[in-house]
Amino acid sequence: MAATTISPAIRKQMSSVAVAMKVAVIGSGISGAVCASTLARNGVSVTIFDSGRGPGGRMSQRREIGEDGKELMFDHGAPFFCVSNSDAMPLVHEWESRGFVSEWKQVFGSFDCASNKFLGIQQEGDAKKYVGVPGMNSISKALCNESGVKSMFGTGIAKLEWLEEEIPWLLTDSKGENLGRFDGVVASDKNIVSPRFTQVTRLPPPLDLSLVPELATKLQNIPVLPCFSLMLAFKEPLSSIPVKGLSFKNSEILSWAHCDSTKPGRSTDSERWILHSTPDYANSVIAKTGLQKLSSETLNKISEEMFKEFQCSGLVSSLPFFMKAHRWGSAFPAKSIAVEERCLWDRNRNLAICGDFCVSPNVEGAILSGLAAASKLLQTSSCL
């Protein structure tokens, strides 16, 4: 398998020249943030562009306000992550030492909705589960704020234009404004080349795949698994649930639930749970509504259906004082397109495509892909 660490020889070679290289990273999820941080640490000038209000991607944290005016925080995407790869492990240990990652030491289980019984409880010794502190987005936040990284949030990329000039990449936003020229580009958002971009924005995808025909077939139709998350806040603990995270079996609606407020660094003013739907349930909704912005009425109906399924388990004896659904329309890849290479790379155009859809559909896969993309750009910079 291709290595993703940066060798001392490459670091030495590029130390005097990489400062002149400018790279745009599109997307501030974990893959883009890891790539940007790695590049910046090695002297490359990096600008991150993200259409969202802040970093994180599927590891973002949602801020809501309850009826009493108090702030409620939810990790409504990835609930935790595990690592086993020797390339990713040192990075996670560094994040732990810097204080924005911690192990989540709780008991987890599996619940059968057919029998309304737990099938098993995970014991000590299972793979360590890590979380960002104080939120899952803390990792991307820290990486996007490192020296040498400029972050531009609320800035969606409408067009990536290749010019046959010394600094070849020109980026423009949806208003047609020039966002700068760059020597290389890293796209960590698979929708930048996907027809789904058009379905949501009614604009053509930013990257013209005719520029990279050899990558086109791999990128154009990456299958995805949609999901709805339901954020819940209770005044009292759900004491009848013996675990803090559980997968569901034999449910057409729910696939997962976890108690967000038991993670390290979280507020315990209320007990907050997050439910994830099954892909089949999410697909059934999207088949009716499409990928346009959902109405409050539709989101309320989804909230009611998901919570009712949670109630039917017999695990919930009280009603939440806060309840809100969120749609992840295309966040979870169902296929890995570059397992060996860990990213897609066009050396002629200094273009890397990275993300969990390249390696494996989890946080560790995103980390490895971001490292691989950085490695490709650094090798190029050492030749400048």
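See the structure printed just above.
Position labels on residues start from 1 in each chain and follow its written sequence. This being a predicted model, a pLDDT of at least 70 is required before a residue's local features are given, and a value of 80 or more before pairs of side-chain atoms are given or counted; all residues contribute to the totals for chains, interfaces and linings. With hydrogens and water excluded, all non-hydrogen atoms of the structure serve as input to the side-chain values.

**Some details on the layout of surface pockets**
Empty pockets left among the atoms are what a rolling probe the size of a water molecule brings to light. Stated formally: In this analysis the probe radius is 1.4 Å and the grid spacing 1 Å, with only protein atoms considered; a cavity is a set of points the probe fits into but cannot get out of, a pocket is an open set with protein on both sides within 12 Å along at least five of seven lines, and lining residues have an atom within 4 Å of a point. Grid points are joined across faces, edges and corners, and a volume is the space filled by probe spheres set on the points. Only DSSP runs of H or I with at least four residues qualify as helices, and only runs of E with at least two residues qualify as strands; both kinds are numbered from the N terminus onward. When residues are sorted by character, Ala, Val, Leu, Ile, Met, Phe, Trp, Tyr, Cys and Pro go into the nonpolar class, Asp, Glu, Lys and Arg into the charged class, and all the rest, Gly among them, into the polar class.
By volume, the second largest pocket amounts to about 570 Å³. Taken together, 23 residues form the lining of the second largest pocket, with Arg 58, Pro 79, Phe 332, Pro 361 and Asn 362 sitting closest to its centre. With 3 residues, strand β14 (residues 224-234) is the largest single contributor of residues to the lining of the second largest pocket. Residue classes in the lining of the second largest pocket are distributed as 14 nonpolar, 7 polar and 2 charged.

**A short note on the environment of Ala 287**
Defined as follows: Only protein chains enter the accessibility calculation, which uses a 1.4 Å probe. A residue is then buried if its area is under 20% of the maximum for its type, exposed if over 50%, and partly exposed in between.
With respect to the helices and strands, the residue Ala 287 is situated in helix α7 (residues 279-289). Residue Ala 287 is classed as exposed on the basis of its relative accessible area, which comes to 68%. Along the sequence, Ala 287 and Gln 220 sit 67 residues apart, while their C-alpha atoms lie 21 Å from each other.

**Quick notes on the pattern of salt bridges**
Put simply, the rule reads: We count a salt bridge whenever a side-chain nitrogen from Lys or Arg sits within 4 Å of a carboxyl oxygen from Asp or Glu.
Going through the model one piece at a time under the given rule, you end up with 13 salt bridges. Note that Glu 71 is salt-bridged to Arg 63, the shortest N-O span being 2.4 Å. One salt bridge connects Arg 342 with Asp 87, and the closest N-O pair in it is separated by 2.9 Å. Taken as a pair, Arg 342 in the loop between β18 (322-333) and β19 (344-346) and Asp 87 in the loop between β4 (71-74) and α3 (89-98) lie far apart in primary sequence, 255 residues in all. With respect to class, Arg 342 is no different from Asp 87; both count as buried. A network of salt bridges, in which partner residues are shared, links Arg 41, Glu 94, Arg 98 and Glu 146.

**Describing the pairing of strand β7 (residues 117-121)**
Note the threshold: Strands qualify as paired when DSSP identifies two bridges or more between them.
Both strand β6 (residues 108-112) and β7 contribute to a ladder of 4 bridges, which runs antiparallel. Counterpart to Phe 111 in the pairing with β7 is Phe 118. The hairpin turn running from β6 into β7, its antiparallel successor, is 4 residues long, and Asn 116 in that turn takes a positive phi close to 55°.

**Remarks on the sheet that holds strand β16 (residues 254-259)**
For clarity, the cut-off: Axes here refer to lines fitted to C-alpha atoms; in helices the fit is confined to the stretch in contact. Angles between the N-to-C directions go from 0 to 180 degrees. Contact between two residues is taken to exist if any of their heavy atoms lie within 4.5 Å; hydrogens are not considered.
Ordered in space as β7-β6-β15-β16-β17-β14-β18, the 7 strands form an open sheet in which the pairing is mixed. If you trace the sheet from one side to the other, it starts and ends with β7 and β18, each paired once. Taking each pair of neighbouring strands and ignoring which way they run, the sheet shows an average axis angle of 20°. Both β14 and β18 contribute to a ladder of 9 bridges, which runs antiparallel. From the neighbouring strand, Cys 227 faces β18, where its bridge partner is Trp 328. Running at roughly 100° to β14, α7 makes contact with β14, β17 (271-277) and β18 of the sheet. Contacting β14, β15 (245-249), β16, β17 and β18, helix α8 (residues 296-312) runs over the sheet at an angle of about 75° to β14.

**Quick notes on unusual backbone geometry**
In this structure, Pro 134 follows Val 133 across a cis peptide bond, with omega equal to 5°. Tracing the backbone through its elements, the reader meets Pro 134 in the loop between β8 (130-132) and α4 (138-144). The backbone of Asn 116 sits at a positive phi, close to 55°, despite the residue not being glycine. In this fold, Asn 116 is placed in the loop between β6 and β7. Residue class for Asn 116 comes out partly exposed when judged on its relative accessible area of 37%.

**Considering the sheet that holds strand β13 (residues 184-187)**
Strand order in the open sheet formed by 6 strands is β9-β2-β1-β13-β20-β19, and the pairing between neighbours is mixed. Each edge of the sheet is formed by a strand with only one pairing partner; in this case those strands are β9 (149-153) and β19. Neighbour-to-neighbour, the strand axes of this sheet turn through a mean angle of 15°, independent of strand direction. Of the strand pairs in this sheet, β13 and strand β20 (residues 351-353) are connected by 3 bridges, and their pairing is parallel. By the bridge assignment, Val 186 is partnered in β20 with Ala 352. Across the sheet, helix α2 (residues 30-41) is in contact with β1 (22-26), β2 (45-50), β9 and β13; its angle to β2 comes to roughly 165°.

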